[in-house]
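Chain residues, written in single-letter form:
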Amino acid sequence: MNQTSTVAQRLTAVRERVESAAHAAGRSPDDVRVLLATKTLDADVVRTALELPEAAGMLRGENRVQELVAKGPALADLTVETHLIGPLQSNKVNAALRWAGCIESVASVDLGRRLSERVPAGSTLDVMVQVNVSGEPTKHGVVPEDALDLAVQIAGLPGLRLLGFMTVGANSPEADLVRTGYARLADIRDRTIAEGVATATELSMGMSGDLELAVAEGATLVRVGTAVFGPRQVR
Ligand SMILES: *Cc1c(COP(=O)(O)O)cnc(C)c1O
């Protein structure tokens with residue numbers, strides 16, 4: 001079996017996992033989109049995957065601005081929506097703005113302000129607030145207690161549109177623990193909408209190993225890498 005047909009089959013398998021998780025939760029599968037996390041993959045591999053009919057409607061996510069920039073020109077003709085899903089240093093804001101349509105990793109008002117200042121007049125940048133629901137010290141994101149305040153501030157900055165929230169779930173075999181974190185993100189989202197930020201509907205949560213738990217708690221965007229591309233080479 002060649003590699004492309006493997007990727008095609010895995011894309012289908014991911015879609016089926018999302019569908020059955022949505023059905024199990026009494027949700028419409030159409031309300032859960034799939035983002036392909038393409039970190040460490042070369043642009044030609046990314047292109048081949050995204051051009052497959054099995055990837056129709058899927059998004060692309062990069063963790064590192066460096067990779068966004070490196071692959072950007074080679075993928076510029078694709079209409080696939082591209083998100084930054086890793087931390088953004090303030091000196092790389094311009095590069096991120098150039099190659100990503102949404103920054104999922106906004107975790108400070110300072111970064112929000114910098115983005116707001118650089119958005120070209122008359123246009124809007126989509127952002128999400130990243131929350132560290134697990135409290136694991138290695139994880140990026142605002143603490144849950146401060147997430148609502150931050151979200152309201154970000155939503156008020158000119159040129160930014162707050163689409164919702166992103167998290168990387170707990171790295172734990174205990175499903176209850178992982179689910180509790182996702183439920184917490186959903187609660188933050190609901191309270192943000194109740195505060196009047198009507199655009200903040202998205203919940204970007206769930207990865208290859210736990211997307212069912214995230215869909216059960218309301219994920220609208222799951223981010224998968226290894227389930228489609230196989231184990232990553234360590235760089
Ligand atoms: C790599 C990555 C993913 C995908 O992880 P897999 O376990 O490979 O599915 C999702 N979200 C973020 C932020 C990532 O860096």
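Residues numbered from 1 in each chain as written. Predicted model: local features only at pLDDT ≥ 70, side-chain atom pairs only at ≥ 80, totals over all residues. Heavy atoms only, no water.

Caption draft 1: Structural view of the site of the ligand. Around the ligand, a shell composed of Ala 37, Lys 39, Asn 63, Ile 85, Val 168, Met 207, Ser 208, Arg 223, Val 224, Gly 225, Thr 226 and Arg 232 is seen. One of the backbone nitrogen or oxygen atoms of Gly 225 is found 2.8 Å away from an oxygen atom of the ligand. Here an oxygen atom of the ligand sits 2.8 Å away from a polar atom, N or O, in the side chain of Arg 232. Within the complex, the protein chains bury 89% of what would otherwise be the 390 Å² of accessible surface of the ligand. (Near = heavy atom within 4 Å. Polar contact = N/O pair within 3.5 Å; in protein donor to acceptor, adjacent residues only side chain to side chain. Areas by Shrake-Rupley, 256 points an atom, 1.4 Å probe, with all protein chains shown as cover.)

Caption draft 2: Spatial organisation of the nonpolar core. Counting 66 residues, the largest nonpolar core has Ile 103 and Leu 115 as the members making the most contacts within it. At 7 residues, the largest contribution of residues to this core is made by helix α1 (residues 3–24). Excluding residues that lie within four positions of it along the chain, Leu 115 makes contacts with Leu 88, Val 93, Leu 97, Ile 103, Val 106, Leu 125, Val 127 and Leu 160. Ranked by size, the runner-up nonpolar core spans 9 residues in total, among them Ala 37, Ile 85, Cys 102 and Met 166. (Core = buried A, V, L, I, M, F, W, Y, C linked by side-chain atoms within 4.5 Å. Buried < 20%, exposed > 50% of the residue type's maximum accessible area, 1.4 Å probe, protein only. Helix = DSSP H or I, 4+ residues; strand = E, 2+ residues; numbered from the N terminus. Contact = heavy atoms within 4.5 Å.)

Caption draft 3: Spatial organisation of a negative patch on the surface. A surface patch of negative charge is lined by Glu 16, Glu 19, Asp 30 and Asp 31. Assignment of secondary structure puts Asp 30 in the loop between α1 and β1 (33–37). (Patch = residues over 30% accessible without salt bridge, like charges linked within 9 Å, V, L, I, M, F, W, Y side chains within 5 Å. Salt bridge = Lys/Arg side-chain N within 4 Å of Asp/Glu carboxyl O. Lys, Arg positive; Asp, Glu negative; His and termini not counted. Charge placed at Lys NZ, Arg CZ, Asp CG, Glu CD.)

Caption draft 4: Seen up close, the confidence of the model for the protein. Put simply, the protein has an average pLDDT of 96, and 98% of its residues get 70 or more. Model confidence for the protein, summarised as mean pLDDT per element, is weakest for α1 at 94 and strongest for strand β7 (residues 202–204) at 99. (pLDDT = per-residue confidence, 0-100.)

Caption draft 5: Up close: the pattern of salt bridges. Taken as a whole and assessed by the stated rule, the structure comprises 15 salt bridges. For Asp 187, the salt bridge is made with Arg 191, and the minimal N-O distance between the two is 3.1 Å. Separated by 4 residues within a single helix, Asp 187 and Arg 191 lie in helix α7 (residues 175–194), roughly one turn from each other. Residue Arg 191 is classed as partly exposed on the basis of its relative accessible area of 37%.

Caption draft 6: Up close: helix α6 (residues 144–155). Counted at 1.5 Å a residue, the expected span for α6 with its 12 residues is 16 Å, and the 17 Å between its end C-alpha atoms agrees. All of the buried residues along α6 are Pro 144, Ala 147, Leu 148, Leu 150, Ala 151 and Ile 154. Looking at the packing, one finds that the buried side of α6 touches β4 (102–106), α5 (109–118), β5 (125–130), β6 (160–166) and α7. (Expected span 1.5 Å × (residues − 1).)

Caption draft 7: Unusual backbone geometry, seen in detail. Despite not being glycine, Thr 40 has its phi angle at roughly 70°, a positive value. Structurally, Thr 40 is set in the loop between β1 and α2 (43–50).

Caption draft 8: Main features of the pairing of β5. Counting buried positions along β5 yields 6 of 6 residues, so the element is predominantly enclosed. Of the strand pairs in this sheet, β4 and β5 are connected by 3 bridges, and their pairing is parallel. By the bridge assignment, Val 106 is partnered in β5 with Val 129. Chirality of the crossover, the property in question, places the unit of β4, α5 and β5 among those that are right-handed. In the sheet, β5 pairs with β6 via 6 bridges, with the strands oriented parallel. In the strand pairing of β6, Gln 130 is matched with Met 166. One crossover worth recording links β5 to the parallel β6 by way of α6, and it is right-handed. (Pairing = 2+ DSSP bridges. Right-handed = clockwise from strand over helix to strand, strands pointing away.)

Caption draft 9: How the structure looks around the environment of Thr 79. Its location among the elements puts Thr 79 in the loop between α3 (65–75) and β3 (82–84). Residues Thr 79 and Leu 50, 29 residues apart in the sequence, show an inter-C-alpha distance of 9.8 Å.

Caption draft 10: Focus on the packing of α2 against α3. The N-to-C vectors of α2 and α3 enclose an angle of 55°; their axes lie 9 Å apart at closest approach. With respect to their mutual orientation, α2 and α3 come out oblique. As α2 runs across α3, the sense of the crossing is right-handed. Judged by residue contacts, Ala 43, Val 46 and Arg 47 of α2 engage Lys 71, Ala 74 and Leu 75 from α3. When the residues that make up the contact of α2 with α3 are grouped by side-chain class, the tally is 4 nonpolar, no polar and 2 charged. (Axes fitted to C-alpha atoms, helices over the stretch in contact; angles between N-to-C directions. Parallel < 35°, antiparallel > 145°, perpendicular 65-115°, else oblique. Left-handed = near helix turned anticlockwise from the far one by under 90°. Nonpolar A, V, L, I, M, F, W, Y, C, P; charged D, E, K, R; others polar.)

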